[in-house]
Amino acid sequence: MSQEQLAVQQARKAFLTGRSKPLDFRTQQLKNLKRFITERQKEIIDALKRDLNKSENATLFYELLGLEGEINLALSKLSEWAAPRPVNKNLLTISDEVFIQPEPLGVVLIIGAWNYPIAVTLQPLVGAIAAGNAAVVKPSEVSAHTAKVMELLPLYLDPEMYPVVIGGVPETQELLKQRFDHIFYTGSSTVGKVVMEAAAHHLTPVTLELGGKSPCYIDKDCDLKIACRRITWGKYVNCGQTCIAPDYILCEPSIQNKVVEEIKKCIKEFYTEDPKTFRDYGRIINQRHFKRIMALMEDSTVAVGGENDESQCYIAPTVLKDVIPESKVMQEEIFGPVLPIVPVNGVNEAIQFINEREKPLVLYVFSSSKKVIKQIIAETSSGGLLANDCLVHFTISDLPFGGVGNSGIGHYHGKYTFDQLSHLRGCLIKKLSMERVNQVRYPPHSVEKVRWARLLLLKQVNLGRWRQLAHAAMLAALAAFVIRRFLR
């Protein structure tokens, strides 16, 4: 039996004991996960420095802060999320118990990504634990040093319930042959298709957090200085290796040079004259990705940056201008510090350009006009939309985060992760009484029975509204009683 088969087998055996279902167990495991990121913070920081040249503060800011927030939210809301959820009734079920009961799916496979290897691997794990599942964790082998740190997870979590599998493509392929109750994958669309195909053999549901080319439209009437400042931050953080980074800019030719100049100023402000020596500017993950990104720029005009050093996997923050749709850089997600500008003639042409391509993970629009923003919302489709900023929608746990079409399937964050990794079981508990009411459904059927069925089944009863009316009536009666006593 392979290591991967053994890990899945022990996780399922542990789940079948039922010990992950009590909320006390889930709470303790979440606290242990929080303890892992606290006690192993130095190892995490050192590993990410070696993998991606992330500084200590960048690791705290972009990897650990949001993860800690997700754990804290799950701990504070767990009893509420896991509780039965009442639903509206009809007249036929007015005296019955009708509710949704979230229950664990079983064993979840979590396949992490290398660009934010702690955050995007452990955030789904928070939801899996909170929902009462077992989970097999597969960190990305590309960020090898961080994967070694992830091997320490079983020292903190139940080692049978939450095993960690380390390895590359062969190990992942072996895992995908096993039966899971849900697969949560973060990465490229190409591998996402492989994951979905493997899941189909067992009819396993999937969450695919993918990516794509996220457009950024800049309206000519917006504050270009502020817009470019926020775009510069969103694009070049983590050396552009962010699935929700703005992939390219759409703007009118009349403002293109101004956009270039403003971004150039911001690059200098954020990363100094020499980003290569600046502590908060990262590196491309490996030479294969370095060569891929450099090849994408071959047929385009560099307006800013372009400096590179293959030995260090360094590419300077770069802006390309007058980019045409047929250029190499527009054929795939860049996933690096290269920002093409594609000139378009206004918002309508921008919308057409976006709609002619795959639906992106996020769509950015910078405009002072609510009309323009609402038009883009109404006439496009994307996983998310953010107006007048970049990336920050990822930080809001009450917003579902995920793609649509080629950019992903499913969503997560906060309660959405809990629900994604739960089976929302519909429950109805009737009494063995009031049988006369049920006569309407028993044969022989008649016109009168259909009439009664229409009343009983189609009339929705909002018990919350009835409770409010009853409460108001009680208060009115009490007030009348007090007034009468007072007047006497």
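Note that this is a predicted model, so its numbers are computed, not measured.

The rules we used
- Starting afresh in each chain, residues are numbered from 1 along the sequence in its written order.
- Selection of residues for local features in this predicted model requires a pLDDT of at least 70, selection of side-chain atom pairs for listing and counting requires 80 or more, and totals for whole chains, interfaces and linings are taken over all residues.
- Neither water nor hydrogens contribute to the side-chain values; these are computed over all heavy atoms in the structure.
- Accessibility here uses a 1.4 Å probe with only protein chains present; expressed as a share of the type maximum, an area under 20% marks a residue as buried, one over 50% as exposed, and anything in between as partly exposed.
- Counting from the N terminus, the helices are DSSP H or I runs at least four residues long and the strands are E runs at least two residues long.
- What makes two strands pair is DSSP finding at least two bridges between them.
- Residues count as neighbours in contact if any of their non-hydrogen atoms are within 4.5 Å of one another.
- Note on method: axes are straight lines fitted to C-alpha atoms, helices fitted across the in-contact stretch only, with angles between N-to-C directions ranging 0 to 180 degrees.
- Grouping buried Ala, Val, Leu, Ile, Met, Phe, Trp, Tyr and Cys residues that are joined through side-chain atoms within 4.5 Å yields what is termed a nonpolar core.

Trainee: An account of the pairing of strand β14 (residues 338-343) is needed here, citing residue identities and associated values.
Mentor: Within β14, five of the six residues are buried, which leaves the element mostly enclosed by the surrounding structure. Strand direction decides the pairing type here: strand β9 (residues 248-251) and β14, joined by three bridges, are parallel. Pairing of Leu-250 across the sheet is with Val-342, part of β14. Sheet topology places strand β13 (residues 318-321) next to β14; three bridges connect them, and they run parallel. Bridging across to β14, Thr-318 finds its partner in Val-338.

Trainee: Go over the sheet that holds strand β17 (residues 408-409), please, and point to the residues and values.
Mentor: Ordered by their spatial adjacency, five strands build an open sheet running β5-β4-β6-β7-β17, and the pairing between neighbours is mixed. With one partner strand each, in any of the chains shown, β5 (134-138) and β17 form the two edges of the open sheet. Pairing between strand β4 (residues 107-111) and β5: five bridges, direction parallel. Of the residues in β5, the one forming a bridge with Val-107 is Ala-134. Docked against the sheet, helix α7 (residues 169-176) engages β4, β5 and β6 (182-186), running at close to 155 degrees with respect to β4.

Trainee: So what's going on with the sheet that holds strand β3 (residues 97-104)? Which residues, and what values?
Mentor: Pairing is antiparallel across the open sheet formed by three strands, whose spatial order is β1-β3-β18. The open sheet has two edge strands, β1 (85-86) and β18 (422-429), and neither has a second partner. As paired elements, β1 and β3 share two bridges and run antiparallel to each other. Its bridge partner lying in β3, Pro-86 is registered against Phe-99.

Trainee: Describe the environment of Ala-378, and please don't skip the residues or the numbers.
Mentor: Following the sequence through the fold, Ala-378 ends up in helix α13 (residues 370-379). Its relative accessible area of 64% is what places Ala-378 among the exposed residues. Considering only alpha carbons, one finds Ala-378 and Val-342, 36 residues apart in sequence, at a separation of 22 Å.

Trainee: Describe unusual backbone geometry, with residues and values.
Mentor: Cis geometry marks the peptide bond from Pro-443 to Pro-444, where omega comes out at 0 degrees. Summarising the element assignment, Pro-444 is placed in the loop between α15 (435-438) and α16 (447-458). In this structure, Asn-238 is a non-glycine residue whose phi angle is positive, near 60 degrees. Relative to the helices and strands, Asn-238 resides in the loop between α9 (224-236) and β9. Taking relative accessible area as the criterion, Asn-238 reaches 10% and is therefore assigned buried. One non-glycine residue, Asp-322, lies in the positive phi region at around 50 degrees. Residue position: Asp-322 is located in the loop between β13 and β14.

Trainee: Go over the nonpolar core, please, and point to the residues and values.
Mentor: Within the largest apolar cluster, 133 residues are counted, with the highest numbers of intra-cluster contacts made by Leu-33, Leu-122, Leu-125, Ile-218 and Ile-249. It is helix α5 (residues 119-130) that contributes the most residues to this core, eight residues altogether. The residues contacting Leu-122, other than those within four sequence positions of it, are Leu-33, Phe-36, Ile-37, Leu-67, Met-150 and Leu-153.

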